[in-house]
Amino acid sequence: MAIDLRTLPFPEQLGAIDAALAGGRALELVIELAGFRDHQPLAHAVAGLARRGAIDGELARRLAALLLGIPDAGLRRVLRALDELGRPPRALIEALAAG
């Protein structure tokens, strides 16, 4: 990304994440966010993708592989964000279970 998200205040991070998702840069974005120490921005991005109905097929498989590689606390944070939506993306849940 052109902006170093790590240097932005949290509300600005969320705005930049939303803009990147709208711009179709989902995979690149979540790969970057997975490397953050705080996984709340990643949880926000994954929940944003789920709200858009964008997590299916290949993206679900790649996202699951990425999520299985982050610390457990980060994975729990992402799963909690998806649970709060009330309708976690089935493809991602299945890919995580197959993990």
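Residues numbered from 1 in each chain as written. Predicted model: local features only at pLDDT ≥ 70, side-chain atom pairs only at ≥ 80, totals over all residues. Heavy atoms only, no water.

(A) Structural context of the overall build of the protein chain. Counting its regular elements, the protein chain contains 6 helices and 0 strands. Secondary structure elements in the protein chain, listed N-terminal to C-terminal, are α-α-α-α-α-α. Relative to the globule expectation of 13 Å for 99 residues, the C-alpha radius of gyration of the protein chain, 12 Å, shows essentially globular dimensions. Oriented by its inertia axes, the alpha-carbon framework of the protein chain measures out at about 35 × 25 × 20 Å. When the 99 residues of the protein chain are sorted by exposure, 40% land in the buried category. Treating the 12 positive side-chain charges of the protein chain as one cloud and the 12 negative ones as another, the clouds have centres 2 Å apart. (Helix = DSSP H or I, 4+ residues; strand = E, 2+ residues; numbered from the N terminus. Rg over C-alpha atoms; globule rule 2.2 N^0.38 Å. Buried < 20%, exposed > 50% of the residue type's maximum accessible area, 1.4 Å probe, protein only. Lys, Arg positive; Asp, Glu negative; His and termini not counted. Charge placed at Lys NZ, Arg CZ, Asp CG, Glu CD.)

(B) Expanded view of the environment of L82. Tracing the chain through its elements places L82 in helix 5 (residues 72-85). Residue classification places L82 among the buried residues on the basis of a relative accessible area of 1%. Separated by 31 residues in the primary sequence, L82 and R51 have C-alpha atoms spaced 9.1 Å apart. Excluding residues that lie within four positions of it along the chain, L82 makes contacts with V46, A47, A50, R87, P88, P89 and L92. (Contact = heavy atoms within 4.5 Å.)

(C) Just helix 3 (residues 40-51), in detail. The end-to-end C-alpha distance of helix 3, which contains 12 residues, comes to 16 Å, matching closely the 16 Å that a straight helix rising 1.5 Å per residue would cover. With 10 of its 12 residues buried, helix 3 lies for the most part within the structure. Turning to helix 3, its buried residues are P41, L42, A43, H44, A45, V46, A47, G48, L49 and A50. As for helix 3, its buried residues are in contact with helix 1 (10-22), helix 2 (26-34), helix 4 (57-67), helix 5 and helix 6 (90-98). (Expected span 1.5 Å × (residues − 1).)

(D) Seen up close, the nonpolar core. One finds L42, V46, L67 and L92 to be the most contacted residues of the largest nonpolar core, which totals 33 residues. Elements with a minimum of two residues in this core: helix 1, helix 2, helix 3, helix 4, helix 5 and helix 6. Of all the elements, helix 3 adds the most residues to this core, at 7 residues. For L42, the contacting residues outside a window of four places in its chain are V30, L33, A34, L67, I70 and V78. (Core = buried A, V, L, I, M, F, W, Y, C linked by side-chain atoms within 4.5 Å.)

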